[in-house]
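Read off the chains here:
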Amino acid sequence: MRVAVLGTGTVGQTLADALVGLGHDVVLGSRTSDNHAATSWAQRHPGRASHGTFADAVRDAELVVNATAGTASLSVLESVGADVLGDRVVLDVANPLDFSQGFPPRLSVCNDDSLAEQLQRAFPRARVVKSLNTVTASVMVDPRALPAPTDMFVAGEDADAKAVVTDLLVSLGWQRDHVRDLGDLTAARGLEMYLPLWLRLLGATGSADFNVAVVPAPPPEGAAGG
Ligand SMILES: NC(=O)c1ccc[n+]([C@@H]2O[C@H](COP(=O)([O-])OP(=O)(O)OC[C@H]3O[C@@H](n4cnc5c(N)ncnc54)[C@H](OP(=O)(O)O)[C@@H]3O)[C@@H](O)[C@H]2O)c1
């Protein structure tokens, strides 16, 4: 599959590395066609990798990954344009973190809205799926490095788009029964508002390499069967 990874930071490059490793053709997108990080990344993967502007990256892609700074993601997709973006699946891994007042960052959107919903409203034909934003980049692409299975969440309006993303997650090593579909895109509010807790867990554990698992109670005795 040809994948546009929008974003040249740690997340963009980590996901792009993993996708190339899985045999996908990846175009790394940035604001400028001569971005240094994107150029060097593409040089490290001759054959399957290329780079260009955000719009260049999306033009021939089957799947788009938004790995740009959350406060810039809307303008990034605006630079691509609705006509080029079309009805593509957009895997949105971004978090709306606003560092303008220092650390810890504030959420630039929260409570009754989310970045993912803002993107979906701005590009109604695109099929936005929120996922992977709740873990650090290395865990996104290697969840099996953690000593026990943990959970990844998906949210979005389009069932087919969520299926595409779920298959991609499984190919990255996520267990299918640990991919939890939280329903429509309003679930992205909770996924993005998890970040303040994630940041406190980072401080408490001293490492970004962690994740959560939902452990449901067993059904009450005698409840099974029909
Ligand atoms: N770091 C993690 O482990 C982690 C985990 C989960 C989710 N996330 C989220 O994933 C996203 C990417 O994180 P990151 O740490 O890899 O990189 P980042 O520094 O948050 O974002 C880098 C990308 O954002 C673009 N960008 C920044 N400001 C821009 C602006 N004003 N206009 C247009 N584009 C702009 C950059 O474009 P250029 O390429 O042109 O410079 C670059 O491609 C973020 O939303 C972050 O919250 C990060």
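Residues numbered from 1 in each chain as written. Predicted model: local features only at pLDDT ≥ 70, side-chain atom pairs only at ≥ 80, totals over all residues. Heavy atoms only, no water.

Topic: the site of the ligand
Which entries qualify depends on this criterion: A cutoff of 4 Å decides nearness: a residue is near a molecule or strand if any of its heavy atoms lies inside that distance of it. In the analysis that follows, any N or O atom pair within 3.5 Å is treated as a polar contact, provided that within protein one partner can donate a hydrogen and the other can accept it, and provided that, for residues neighboring in sequence, both atoms belong to side chains. The Shrake-Rupley method, run with a 1.4 Å probe, gives the accessible areas here. Residue values count only the displayed protein chains as cover. Throughout, the protein atoms alone are placed on a 1 Å grid, and a set of points is a cavity if a 1.4 Å probe fits but cannot get out or a pocket if it is open with protein on both sides within 12 Å along at least five of seven lines; lining residues have an atom within 4 Å of a point. Placement in a cavity or pocket follows one criterion, namely that more than half of the molecule's atoms lie within 2 Å of its grid points.
Lining the immediate environment of the ligand, one finds 23 residues, of which Thr8, Val11, Arg31, Thr68 and Ala137 sit closest. With respect to the ligand, the backbone of threonine 10 contributes an N or O atom lying 3.1 Å from an oxygen atom. Separating an oxygen atom of the ligand from a backbone N or O atom of alanine 137 is a distance of 3.0 Å. The fraction of the free accessible surface of the ligand (890 Å²) that becomes covered by protein chains is 72%. Applying the majority rule of atoms within 2 Å of the grid points places the ligand in the largest pocket.

Re the pairing of strand β4 (residues 63-66)
Counted only if it meets this: Remark: exposure states derive from per-residue accessible area (1.4 Å probe, protein chains only) relative to the maximum for the residue type, with buried under 20%, exposed over 50%, and partly exposed in between. Per the convention used, a helix needs a DSSP run of H or I reaching at least four residues, while a strand needs a run of E reaching at least two, with both numbered from the N terminus. At least two DSSP bridges between two strands are needed for those strands to be called paired.
Residues of β4 alternate between two faces, with Leu63 and Val65 on one and Val64 and Asn66 on the opposite face, all of them buried. Pairing of strand β1 (residues 2-6) with β4, which is carried by 4 bridges, proceeds in the parallel orientation. What sits directly across from leucine 6, in β4, is asparagine 66. Summarising the sheet, β4 and strand β5 (residues 89-92) pair through 4 bridges and their orientation is parallel. Across the sheet, asparagine 66 pairs through a bridge with aspartate 92, a residue of β5.

Focus: the packing of helix α1 (residues 10-21) against helix α2 (residues 36-44)
The description of two helices packed together rests on the angle between their axes and the distance between the axes. Rules: To get an axis, fit a line to the C-alpha atoms, keeping to the stretch in contact for a helix; angles then go from 0 to 180 degrees between the N-to-C directions. What sets the label is the angle itself: under 35 degrees gives roughly parallel, over 145 gives roughly antiparallel, 65 to 115 gives roughly perpendicular, and the rest give oblique. Each helix crossing is assigned a hand: it is left-handed if the near helix lies turned anticlockwise from the far helix by less than a right angle, otherwise right-handed if that turn is clockwise. Any two residues whose heavy atoms approach within 4.5 Å are treated as being in contact. Under the convention adopted here, Pro, Cys and the residues Ala, Val, Leu, Ile, Met, Phe, Trp and Tyr are nonpolar, Asp, Glu, Lys and Arg are charged, and Gly plus all remaining residues are polar.
Contact geometry of α1 with α2 gives a least axis separation of 11 Å together with a crossing angle of 20 degrees. One finds that α1 runs roughly parallel with respect to α2. Relative to α2, α1 is oriented so that their crossing is right-handed. Contact residues: α1 offers Gln13, Ala16, Asp17 and Val20, while α2 offers Ala37, Trp41 and Arg44. Residues that form the contact of α1 with α2 fall into these classes: 4 nonpolar, 1 polar and 2 charged.

What about the packing of helix α4 (residues 73-80) against helix α6 (residues 115-122)?
The N-to-C vectors of α4 and α6 enclose an angle of 25 degrees; their axes lie 10 Å apart at closest approach. By the angle between their axes, α4 is roughly parallel relative to α6. Of the two elements, α4 crosses α6, and the hand of that crossing is right-handed. From α4, Ser73, Leu74 and Leu77 reach across to α6, where they touch Leu115, Gln118, Leu119 and Ala122. Here the residues of the contact of α4 with α6 sort into 5 nonpolar, 2 polar and no charged.

Focus on the pairing of β5
Of the two faces of β5, both are covered, the one formed by Val89 and Leu91 as well as the one formed by Val90 and Asp92. In this structure, β5 lies alongside strand β8 (residues 127-130), joined through 4 bridges in parallel fashion. Across the sheet, valine 90 pairs through a bridge with valine 128, a residue of β8.

Some details on the environment of alanine 42
Relative to the elements of secondary structure, alanine 42 occurs in helix α2. Its relative accessible area of 12% is what places alanine 42 among the buried residues. Along the backbone, alanine 42 and aspartate 181 are 139 residues apart, and their C-alpha atoms lie at a distance of 33 Å.

Any functional reading would require information that these geometric values do not contain.
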